[in-house]
Amino acid sequence: HSYEEKEVSEVLWALQQQQQQAQTGGPAAPTPRRPLMVDAGANVGAFLFRAADAGYRVAAFEGMPANVALLRASLCANPRLADRVALFGTALGSAADTCYIVSDQVNVGDGHTVCGEEAVRKRTLNTGYFVRGQAGVRRLDSILAEDVQVLKLDVEGFELQVLEGAEGLLTKHRVNYILAACTFGGAPRQRQMLKFLDELGYFISLDSFRGPWLEPAAVANGTSRLPWNNIFCARKELARAQPVRL
């Protein structure tokens, strides 16, 4: 078990929803592909291996070279899962780029994407952060063009850039559920991210994929509660309850 056990359980619940919806389609309904989870910021695989072990397809993205090596070793050690996982050793963002991955000395594997020489200099100058390598950055919508059951985002403050780089995917395909870290950048950045998701047609909860939901009007005008950690987003037509003010 990990400290993210609640979030992992929520992702598995959301993945199960596509199967349950398909089972109500009647005997003539075509057999669907297994639901797809996209793990942006896979780290060492706490989410992706649980999803793959449950039988789901996973597209995993990780930019930190050391973490990519660990993921590849874990997949080699678990060949029955390897066929379900597409591992991309790249970071995601709003535009193609080559950036640096930095981390501190306490949580070395907790990579942060920093783009630009001056930004890297500021981030590592007497801060306790060190460059761990470089990573290519790509837009998610330049890689994937299919429906996604769950998109999980945990990229240490780069979440909004990843969402901006996924806009083609989010608007042209169904991305039913989004779990995203939403803690970096202070209140203005958090509200920008909440509004972005609201405008794309998602209800947003601070608790789970089943609500309770932030009131969309409050999200739009910037008066909703702010998350302390993760947000759980569901396409509005999938939500089972009306939004309530939080």
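Conventions we followed
Residues numbered from 1 in each chain as written. Predicted model: local features only at pLDDT ≥ 70, side-chain atom pairs only at ≥ 80, totals over all residues. Heavy atoms only, no water. Salt bridge = Lys/Arg side-chain N within 4 Å of Asp/Glu carboxyl O. Buried < 20%, exposed > 50% of the residue type's maximum accessible area, 1.4 Å probe, protein only. Helix = DSSP H or I, 4+ residues; strand = E, 2+ residues; numbered from the N terminus. Pairing = 2+ DSSP bridges. Right-handed = clockwise from strand over helix to strand, strands pointing away. Lys, Arg positive; Asp, Glu negative; His and termini not counted. Contact = heavy atoms within 4.5 Å. Phe/Tyr/Trp six-rings, centres within 6.5 Å; stacked < 30°, edge-to-face > 60°. Lys NZ or Arg CZ within 6 Å of the ring centre and 35° of its normal.

A.B. asks: Residues and numbers for the pattern of salt bridges, please.
C.D. replies: Counted under the stated rule, the structure contains 11 salt bridges. Where R139 meets D141, a salt bridge forms, and the shortest distance between an N and an O atom there is 2.8 Å. A residue is classified by how much of its surface remains accessible, and R139, at 26% relative accessible area, is partly exposed. Here D198 makes a salt bridge to K236, at a shortest N to O gap of 3.4 Å. Separated by 38 residues along the polypeptide, D198 in helix 8 (residues 186–199) and K236 in the segment after strand 11 (230–235) bring together distant segments of the chain. Residue classification places D198 among the buried residues on the basis of a relative accessible area of 12%. Judged by relative accessible area, which is 30%, K236 ranks as partly exposed.

A.B. asks: Requested: an account of the pairing of strand 5 (residues 97–104), with residues and values cited.
C.D. replies: Inspection of the sheet shows strand 5 paired to strand 7 (residues 129–138) by 8 bridges, in the antiparallel sense. If you follow D104 over to strand 7, its bridge partner there is Y129.

A.B. asks: Talk me through the pairing of strand 1 (residues 36–40); I want residue IDs and the actual numbers.
C.D. replies: One face of the sheet, then the other: side chains in a regular strand alternate in exactly this way. The element strand 1 is largely enclosed, with a buried count of 5 among its 5 residues. In the sheet, strand 1 pairs with strand 2 (residues 57–61) via 5 bridges, with the strands oriented parallel. Residue M37 lies in a different strand from strand 2, and its bridge partner there is V58. What joins strand 1 to strand 2 is helix 2 (residues 48–53), and the crossover it makes is right-handed.

A.B. asks: Tell me about the side chain of E156, and name the residues and values.
C.D. replies: Its location among the elements puts E156 in the loop between strand 8 (148–153) and helix 6 (159–164). Buried E156, no salt bridge; nearest opposite-charge side chain is R123, N-O distance 7.1 Å. In this structure, E156 is in contact with D110, G111, H112 and F184, ignoring residues within four places of it in sequence.

A.B. asks: Quick one: what's the story with the packing of aromatic side chains, residue by residue and with numbers?
C.D. replies: Note on aromatic pairs: each is described by the distance of the centres and the angle between the planes. Counted according to the given criterion, the structure contains 5 aromatic pairs. When the ring of F61 is compared with that of F88, the centres are 4.6 Å apart and the planes differ by 10°; the resulting orientation is stacked. One end of the pair, F61, is in strand 2; the other, F88, is in strand 3 (residues 85–88), with 27 residues separating them in the sequence. An aromatic cluster of three or more residues is present, and its members are W13, Y177, F209 and F232. Across the ring face of Y129, the terminal group of R123 is positioned such that the distance to the ring centre comes to 5.2 Å.

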